[in-house]
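For reference, the chains in residue letters:
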Amino acid sequence: MKDAILQPSGQLQNMKGLLRRWNGPYTQLLRQTPGHLGLGQVPERLRPDGTTGAVCGFCSTGCGLRIHHRNGVAVNVSPDTLYPVNKGMACPKGWEALTPLYSEDRALAPRLRDSDGRLQTVSWNEALETMVSRFRSIQATFGPEFIAFLSTGQMMTEEMALLGALAKFGMGIRHCDSNTRQCMATAATACKESFGFDAPPYTYSDLEESDVLVFVGANPCIAHPILWQRVLGNPNRPEILVVDPRKTETASAATRHYAIQPKSDLVLFYGLANLLIQEGWVDQEFIREHTSFFEAFVDHVSEFSLARITDATGLCEDEVRSMASLLRPGKRVSYWWTMGVNQSHEGTRVAQAIINLALMTGQIGKPGTGANSITGQCNAMGSRLFSNITNLLGGHEFESPEHRRKVADELGLRPDP
Ligand code: SF4
């Protein structure tokens, strides 16, 4: 019997060695070592001698990252385990935070075109002096309003404040705008008109505390992945309602997807408001104490019947009724929207219609609630707040002559528009 036991031949033994080697070049790449600095295990070849905190700039979630560096050079990145936004998580975009550093066309120094139109590297002093003298010359020749700026949601809030102050009060520039104009001016206006100031009323903890989450024109699975992880961390087994004509990844992961016809969202939300009022599913005490013009609103939405909703949206009556019943007071309902609302043809009104649903049902100002616009760029909210949009400071209305005069007096400017 002993002779019947099969042994691998020498050739097979060699193949085993090829399939599993412990000292090949790729094995060395995978070798881990304690990273110290509270980092756990890190690749041995990327062991850092220090770390620096940073915020991921690839979406508006704002995840905290730790940049690992060695001899002053960034060698690796990991999510910050103590940061309250991402709690040690990062999506594939965040893990690639260092990739732009290796880009061949990354600008590392200022460049100026020479007389032949070719870009030449110059010193920072020369670049700044050229910029200042050319700006001065343009303004001296044509007037201060002949220079304008368009800012971005990728800058720090402090830089936005400095840019706005320097341009408006230092250089007398009258024409400036921020990424808000192309992105979510509608949400900013809706918040200002509804609340008197532009500040979406939520924290990320609300995603974990809601019983019902309503996403409108938003695809956080892909666009804000860590924010979506916070939804998945909700222990209440929430109903997740997605209102979106597209079957997005978020719609596929939702408990209910309302695939309405494009441009029918305003009819849907006004109609839902009407249905909630008819059924008595509103918070009368909250409405009385915290809102105004409710009677006029009731009158306005009374024209949005169930038949009008189904006709416009393509939903059936049962879907609309069941949606309304999920939004009524009692459970914690939060509303979340992004560019599908903001960049639509009635964006301001749709955003306000969502805010109105939250207000009339008292779903605001409590954990797990709120009418919440999500931005796209990492500091889009900074540009909204810091007045590089055509807004007045501190919740003042540009349309109000009294507000204009007050702000102008403070800043030593003329109040005329
Ligand atoms: S969710 Fe957004 S902020 Fe967080 S790691 Fe991903 S891209 Fe960066």
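Rules and cut-offs
Residues numbered from 1 in each chain as written. Predicted model: local features only at pLDDT ≥ 70, side-chain atom pairs only at ≥ 80, totals over all residues. Helix = DSSP H or I, 4+ residues; strand = E, 2+ residues; numbered from the N terminus. Rg over C-alpha atoms; globule rule 2.2 N^0.38 Å. Buried ≥ 20, exposed ≤ 12 C-beta atoms within 10 Å, placed from the backbone. Contact = placed C-beta atoms within 7 Å. Core = buried A, V, L, I, M, F, W, Y, C linked by C-beta atoms within 7 Å. Pairing = 2+ DSSP bridges. Axes fitted to C-alpha atoms, helices over the stretch in contact; angles between N-to-C directions. Domains from an automatic or database assignment. Nonpolar A, V, L, I, M, F, W, Y, C, P; charged D, E, K, R; others polar. Near = placed C-beta within 6 Å. Expected span 1.5 Å × (residues − 1).

## As for the overall build of the protein
Part 1: Assigned secondary structure in the protein consists of 20 helices and 14 strands.
Part 2: Here the protein has a C-alpha radius of gyration of 28 Å; the compact-globule value for 417 residues is 22 Å, and the former is much larger.
Part 3: Considering the protein as a whole, with its 417 residues, one finds that 34% of them fall into the buried category.
Part 4: At a minimum sequence separation of 6, the contacts of the protein that also span at least 24 residues come to 63%.

## Let's talk about the nonpolar core
Part 1: Within the largest apolar cluster, 70 residues are counted, with the highest numbers of intra-cluster contacts made by Val214, Phe269, Leu272, Ile354 and Leu357.
Part 2: If near-sequence neighbours (up to four positions away) are discounted, phenylalanine 269 is found in contact with Val350, Ala353, Ile354 and Leu357.

## What about the sheet that holds strand β5 (residues 73–79)?
Part 1: Taken together, 3 strands build an open sheet; the order of strands is β3-β4-β5 and the sheet is antiparallel. Strands with a single pairing partner mark the edges of an open sheet, and in this sheet they are β3 (50–55) and β5. When the angles between neighbouring strand axes are averaged without regard to direction, this sheet yields 30°.

## Topic: the domain arrangement of the protein
When the parts of a complex come together, some accessible area is lost, and that lost area is often taken as the interface size.
Part 1: Looking at the assigned domains, one finds that the protein contains domain 1 (47–97), domain 2 (138–184 + 383–417) and domain 3 (186–374).
Part 2: In this complex, domain 2 contributes 7 residues to the contact, which on the side of domain 3 involves 8 residues.
Part 3: Going through the elements one at a time, α6 (180–183) and α19 (380–385) are the ones with two or more residues in the side of domain 2 that touches domain 3.
Part 4: Of the residues assigned to the side of domain 2 that touches domain 3, the class counts are 4 nonpolar, 2 polar and 1 charged.

## Notes on the site of the ligand
Part 1: Around the ligand sit 14 residues in total, of which Cys56, Cys59, Cys63, Cys91 and Gly94 are the nearest.
Part 2: At the level of elements, α3 (92–95) and α10 (225–232) are the ones that each hand at least two residues to the shell around the ligand.
Part 3: Residues belonging to the shell around the ligand are distributed by class as follows: 8 nonpolar, 5 polar and 1 charged.
Part 4: In this structure, the shell around the ligand is formed jointly by two domains, domain 1 (47–97) and domain 3 (186–374), each of which donates at least three residues.

## Some words on the sheet that holds strand β12 (residues 256–258)
Part 1: Pairing is parallel across the open sheet formed by 5 strands, whose spatial order is β12-β11-β10-β13-β14. Both outer strands of the open sheet, β12 and β14 (370–373), are each paired with one neighbouring strand and no more. The average angle at which neighbouring strand axes cross in this sheet is 15°, direction not considered.
Part 2: One ladder, built from 4 bridges, connects strand β13 (residues 333–337) with β14; its direction is parallel. For serine 334, the partnering residue across the bridge sits in β14 and is glycine 370.

## Focus on helix α18 (residues 347–360)
Part 1: A rise of 1.5 Å per residue sets the reference length of α18, with its 14 residues, at 20 Å; its end C-alpha atoms lie 20 Å apart and thus fit the reference within 8%.
Part 2: Burial analysis of α18 places 12 of its 14 residues in the buried class, which makes it a mostly covered element.
Part 3: Directly beyond the C-terminal end of α18, a positive phi value near 70° is found at glycine 362.

## Considering unusual backbone geometry
Part 1: The phi dihedral of leucine 37 is positive, around 55°, even though this residue is not glycine.
Part 2: Residue leucine 37 is classed as partly exposed on the basis of its C-beta count, with 14 C-beta atoms lying within 10 Å.
Part 3: The residue asparagine 71 is not glycine, and still its phi comes out positive at about 50°.
Part 4: Examined against the element boundaries, asparagine 71 turns out to sit in the loop between β4 (64–70) and β5.

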